[in-house]
Each structure stands twice: as structure tokens, then as C-alpha cells.
Amino acid sequence: LRGLLTPGFIGLMIGIILFLLSIDLPGFIGGAVTTVGSATTPLSMLVIGLLLSRMTVKEILGDYVMYIVSFIKLVALPLMGLIFFLVTQGELTLMAKVVIIELAMPAAMCTSIFAVQYKADAAYGTKGVMVTTLLSIITLSIFVVIMELF
């Protein structure tokens, strides 16, 4: 239970309550929340950049296991989603296409952030973000073209 009482979880619960009760935050609080929220992506990129700066290109791109993991993440999972929707629905609805594209997305930047926060292997998480992001340029394009055929 103590693990659930993180600032993020508490903020999520407050947000859900405010949403369900249709409560609008006062302007100055809403503006502050928006400003902090807008800073999360640049700060995540900064952390990833700092972690990448401590590695060589060979360390980042030379891990063959990372390519296997990337293949599973970027090709196998979206392909299974594609097959699942074609078998169960017979066609690809807009929602099915969105799910498949989401399955084909690279590893999220929060992977590195969580690794740092929980004292795990941040370098490995950062490599995963970098490699899947680079490879997704190709794989996402392929899945978009495949889905246009349906």
C-alpha cells in the first residue's frame, strides 16, 4: 500500500476526482499545472540525452539483444495485433488501426526515467528508447502502408 502513495498516483486520484465532479481549478492553479505538464517532455529528453552522453555509439548500437527486443516490440507485437483484428473482425476499423499503430510505437521515454528513479539499469533502458526510436522510423512506415491496404 505504501508503494501506491507516490506523488504521481496521488495526483492521478485528485485529477480523476476533479474530472468526475466537473470541478474546474482556479486559473492560477490550472496555469501552474499546465506549465509543469508542458515541461515533462523536454525534461525527459534532457535526462535521456545525459544518459546517452555517457555511452559510446558502439555501446548503444552494438547490443544484439536490444535488436531482438526491438523486433518483438516493433514488429511481432503489432503483427499479432493486426492478425488478431483481422481474424476477430474481418476488417480493420479505425480503432483497430490506432491500436496497431500504438503497438508499433517505440519504447516510451519514461522507461529511462523509471530506471533512474528505481535504481535499475538506466543505460539499458536508454539504449532501448534510442534503438526502438531509430528503428521505428522504418517499422512505423511499413505498418502504416500495410494498414492502408485494408
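Structure's up top.
Scope of this entry: the structure provided in the associated data block. What you are looking at is a predicted structure, and each value in this text was computed from that prediction instead of being measured.

About the criteria used
- Residues numbered from 1 in each chain as written.
- Predicted model: local features only at pLDDT ≥ 70, side-chain atom pairs only at ≥ 80, totals over all residues.
- Heavy atoms only, no water.
- Helix = DSSP H or I, 4+ residues; strand = E, 2+ residues; numbered from the N terminus.
- Rg over C-alpha atoms; globule rule 2.2 N^0.38 Å.
- Buried < 20%, exposed > 50% of the residue type's maximum accessible area, 1.4 Å probe, protein only.
- Contact = heavy atoms within 4.5 Å.
- Areas by Shrake-Rupley, 256 points an atom, 1.4 Å probe, with all protein chains shown as cover.
- Lys, Arg positive; Asp, Glu negative; His and termini not counted.
- Charge placed at Lys NZ, Arg CZ, Asp CG, Glu CD.
- Phe/Tyr/Trp six-rings, centres within 6.5 Å; stacked < 30°, edge-to-face > 60°.
- Core = buried A, V, L, I, M, F, W, Y, C linked by side-chain atoms within 4.5 Å.

## Looking at the overall build of the protein
In terms of regular secondary structure, the protein is built from 7 helices and 0 strands. When the helices and strands of the protein are placed in sequence order, the string is α-α-α-α-α-α-α. Relative to the 2.2 N^0.38 estimate, which gives 15 Å for 150 residues, the radius of gyration of the protein is 19 Å and therefore markedly larger than a compact globule would have. With the C-alpha coordinates of the protein rotated into their principal frame, the extents come out at 50 × 45 × 30 Å. Within the span of the protein, comprising 150 residues, buried residues form 23% of the whole. A fraction of 72% describes how many contacts in the protein between residues 6 or more apart in sequence connect residues 24 or more apart. Carbon together with sulfur atoms contributes 77% to the accessible area of the protein, which is approximately 10400 Å² in total. Positive and negative side-chain charges in the protein, numbering 7 and 7 respectively, have mean positions lying 12 Å apart.

## Quick look at the packing of aromatic side chains
One pass over the structure, following the stated rule, counts 2 aromatic pairs. A ring pair is formed by F84 and F85, whose centres lie 5.4 Å apart and whose planes are at 70°; its orientation type is edge-to-face. Each ring, one from F114 and one from Y118, has its centre 6.4 Å from the other, and the planes form 45°; the classification is tilted. Take F114: its relative accessible area is 45%, and that puts it in the partly exposed class. With relative accessibility at 55%, the residue Y118 sits in the exposed group.

## Things to note about the nonpolar core
Among the nonpolar cores identified, the biggest contains 10 residues, and these are L82, F85, L92, A96, I100, I101, A104, L140, F143 and M147. Of all the elements in the fold, those that place two or more residues in this core are α4 (64-89), α5 (94-103) and α7 (122-148). The residues contacting A96, other than those within four sequence positions of it, are F85 and Q89. One finds I48, L52, M55 and I60 within the second-largest nonpolar core, a separate group that totals 5 residues.

## Regarding unusual backbone geometry
Not every positive phi belongs to a glycine, and S22 is a case in point at roughly 55°. Relative to the helices and strands, S22 resides in the loop between α1 (7-20) and α2 (27-53). Phi angles above zero are rare outside glycine, and K119 is one such case at about 55°. Within the fold, K119 resides in the loop between α6 (110-117) and α7. K119 sits in the exposed class, given a relative accessible area of 76%.

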